[in-house]
Each structure stands twice: as C-alpha cells, then as structure tokens.
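One-letter residues, chain by chain:
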Amino acid sequence: MGNDGGSIPDRRDLVKSKPKAEQADKANQVRARWGFCALSKKPLQEPVVSCALGRLYNKDAIIEFLLDRNVYGDGDDICGHVKSLKDVKTLTLTPNPVKASSSDDVDIPPAAFVCPLTMKEMNGAVPFLYITTCGCVFSQAGLKAVLGPSPPAKADGQEPGTREKDLCPQCTKKFDRVEDLCTINPGPEEEEIMMEKLAAARASKAKSGKKRKAAVAEIFDTKDKKRERVVAPSTNPSIAASSRIVVEGLAEEEKKRLAHMSDAVKSLYQGKSTKADSNWISRGTFTRVRVIPLSLSSC
Ligand SMILES: [Zn+2]
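Summarised in this report is the structure supplied together with it. This is a predicted model, so every value here is computed, not measured. (Residues numbered from 1 in each chain as written. Predicted model: local features only at pLDDT ≥ 70, side-chain atom pairs only at ≥ 80, totals over all residues. Heavy atoms only, no water.)

**Remarks on the overall build of the protein chain**
The condition that has to hold: Helix and strand definitions here come from DSSP, where helices need a minimum of 4 consecutive H or I residues and strands a minimum of 2 consecutive E residues; each element is numbered from the N-terminal end. Each residue's exposure class comes from its accessible area (1.4 Å probe, protein chains only) as a fraction of the maximum for that residue type: buried when under 20%, exposed when over 50%, partly exposed otherwise. Any two residues whose heavy atoms approach within 4.5 Å are treated as being in contact. Shrake-Rupley sampling with a 1.4 Å probe provides the accessible areas, and residues are treated as covered by the protein chains on show and by no other component.
A tally of helices and strands in the protein chain yields 11 helices and 10 strands. In the protein chain, buried positions account for 28% of the 299 residues. The contacts of the protein chain with a sequence gap of at least 6 include a subset with a gap of at least 24, amounting to 51%. Here the protein chain displays about 19,900 Å² of accessible surface, and carbon together with sulfur accounts for 57% of that area.

**Details of the pattern of salt bridges**
The test is simple: Salt bridges are counted wherever a side-chain nitrogen of Lys or Arg sits within 4 Å of a carboxyl oxygen of Asp or Glu.
Counted according to the given criterion, the structure contains 5 salt bridges. Put simply, Asp76 and Arg69 hold a salt bridge, and the shortest N to O gap is 3.5 Å. Among the ionic pairs, Asp166 bridges to Arg177, the shortest N-O distance being 2.7 Å. Pair noted here: Asp166 is in strand E8 (residues 166-167) and Arg177 is in the loop between strand E9 (174-175) and strand E10 (181-183), with a separation of 11 residues, a long-range link. Residue classification places Asp166 among the buried positions, given a relative accessible area of 9%.

**Details of the sheet that holds strand E2 (residues 56-58)**
Counted only if it meets this: When DSSP finds two or more bridges between two strands, those strands count as paired. Axis lines are fitted to C-alpha atoms, over the contacting stretch for helices. Their N-to-C directions set the angle, which ranges from 0 to 180 degrees.
Taken together, 3 strands build an open sheet; the order of strands is E2-E1-E3 and the sheet is antiparallel. Each edge of the open sheet is held by one strand with a lone partner, namely E2 and strand E3 (88-90). Within this sheet the neighbouring strands show an average axis-to-axis angle of 35 degrees, counted without direction. Sheet topology places strand E1 (residues 48-51) next to E2; 3 bridges connect them, and they run antiparallel.

**So, the coordination of the zinc ion**
To keep it simple, the criterion reads: Each metal site is built from N, O and S donor atoms within 2.8 Å (3.2 Å for Na, K and Ca), and since water is not included, such sites may look incomplete. Site shape is set this way: if four donors have all angles between 85 and 135 degrees, tetrahedral; if opposite donors are over 155 degrees apart and all others between 65 and 115, square planar for four donors and octahedral for six; otherwise irregular.
For the zinc ion, the full set of protein donor atoms is Cys134 (SG), Cys136 (SG), Cys168 (SG) and Cys171 (SG), at a range of 2.2 to 2.3 Å. For the zinc ion, the 4 donor atoms are set out with angles of 105 to 116 degrees between them, so the coordination reads as tetrahedral. Between consecutive donors of the zinc ion, the numbers of intervening residues give the motif C-x1-C-x31-C-x2-C. With Cys134 in the loop between strand E6 (128-131) and strand E7 (137-139) and Cys168 in the loop between E8 and E9, this residue pair connects regions lying 34 residues apart in the sequence. The class of Cys134 is buried, set by a relative accessible area of 10%.

**Section: a nonpolar patch on the surface**
We count it as follows: Each patch is built from salt-bridge-free residues with over 30% relative accessible area, joining like charges within 9 Å and nonpolar side chains (Val, Leu, Ile, Met, Phe, Trp, Tyr) within 5 Å.
There is a patch of nonpolar side chains on the surface, built from Ile63, Leu67 and Leu85 and spanning about 300 Å² of accessible area. Turning to its location among the elements, Leu85 is positioned in the loop between helix H4 (75-79) and E3. Exposure remark for Leu85: the relative accessible area of 39% places this residue in the partly exposed category.

**Some details on the nonpolar core**
Our working rule: Buried residues of nine kinds, namely Ala, Val, Leu, Ile, Met, Phe, Trp, Tyr and Cys, make up a nonpolar core once their side-chain atoms join them within 4.5 Å.
Leu39, Tyr57, Ile62, Cys79, Met122 and Val137 are the most contacted members of the largest nonpolar core, which totals 38 residues. Put simply, the parts of the chain that give this core at least two residues each are E1, E2, helix H3 (59-67), H4, E6, E7 and helix H7 (188-219). Looking at this core element by element, the count peaks at 4 residues for E6. What Cys79 contacts, discounting residues up to four positions off in sequence, is Leu39, Tyr57, Ile62, Phe65 and Arg69.

On their own, these measurements won't tell you what the molecule is for.
Encoded structure:
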C-alpha cells in the first residue's frame, strides 16, 4: 500500500498518468473535430457544410463569418480560405439512429451521424469522405466497397474529362471518383496535400479572374460613369469599410497561404505575379484592343 517503507515508487508509478491525460486530450480533440462546428464550436447541426480542406461547419456559422469575418476571433485561421458560400458544400448526412434513443448523461455520446452504407459512426474512428458534386457523405470503406475496383477503362493516362463517371450510391448523381471526393477531417499529411491542391486551383482561377477583371475595366474605359461603378471605392461609408475589411482579409490570407505553400507552388505564384505586373505596366494600346474581343467571346 505504500508509506510503510515497503514500497518505493519508481518512474513508472510517477509518470503513469501523463500518457493517459494525453490520450484523453487527443480523444477530446477528435470528438471536437467530428461532432462540433470548427468555427462556432457548437454541436454540428444540419445544415452542415464542409470546405475544400474537409472541415465541418454549421452553415449558419459560415454565413455569420462571411458577413463579418471578425465575428469569430480565430475565424481566419480556421476557414480564411472560405470566401463565399461557393467555397463550401452542404453535406447530405445520415443521422445516427442510436443517437435519438440514448440519454445525454453518457460519458461518450454516440456520434450524430453515420455512414448510410455501413452504419459506422462518423466519429473519427474510420475515415469518412464526401462527394464534392452532390455532398453525400460516406465512410471511405463503405463507398469503396459499393463502387468496387476501378474499371480497366479508367487507365491512368486518361484525361479527367474522359474518365467514366460513377454514380453516387445515395442520390445517383454522377461523380468522378478521382476528382470529386474530399476526405473529411484529414490527417496532417493529407491536409497539406489538400491545401496545395486548393492553392493550385485558386492560382489558376485567380489568373483568369484577373484577366476578366482587367478586361472589364478596359471595356468601361471610355464610359466614365460605369467605370467609376466598377473601380471607384464606394461612397457609402459602411460598404467602404466592409470592402476594406474584405481586402485586408484577402491580403492576410494571401500572406498566410504563401507561408504554408511548398516551394513548387510558391514559385508558380511568384512567376505569375511578376508576369502579371509586367503585363499591367507595359500593357499598350495593342494589347488592350486585343483583350476586349477575347473576353467578350469568353463571356
Ligand atoms: Zn450523392
């Protein structure tokens, strides 16, 4: 029993509690990631949305965040990459039938949602994913089992567009099993890959977006009134302030994104920006004339 001179506590006795505490902490984190909104920290409640990084949010929290990016202190750290509702997908979740009948005073409450194919709980024990085209959520193993192995026609060399599409087992909408799946709450390594993918997608999008914006400005060049509407800052102070917040948010986000980016992606960005700058400064009448019909045809 100790204290009688007969037992001397060794290192194992003294440090035994530490891993246990760490374990409990980790379990709490997992429970928080899978059962609570990453932004508001409130229990997940439908409608639930997910971003390109597979984080789970209550849709109302994301809407609040988009209206005022400072409403949650650490909002920009968690979902700074969410710029509009287009950047999240509303999920089709399957409520856990066990949840309704269980009382709230259990130590570990059952997960709120399950995989409709395997009935496995969505609690972080097994990997889950959602289809980005329709938003249906499945356990990875369940979806894999239902889809079966990739047909031989889907050889690696094929272009994504030409690949045969699969049908969602829940809503039967078509999706691409390589392009259109997003892991929910991925591990750190997978999350990094997803971040780079997002950055690459944003880079190519921004490129065309900038071109489009530049072209729009050129079109309104001679029509001062309309140009003012496009370029000049708003005279309404509240709109001006909110757009300034958006611009500041974007700059901050860009800084963060560059900091997290791999060298390869970074070089892509830097290459793009210098190119864009030189284009902007050295853009002559000839380019201007050339840009307009191109953009009109693309609209
Ligand atoms: Zn579906």
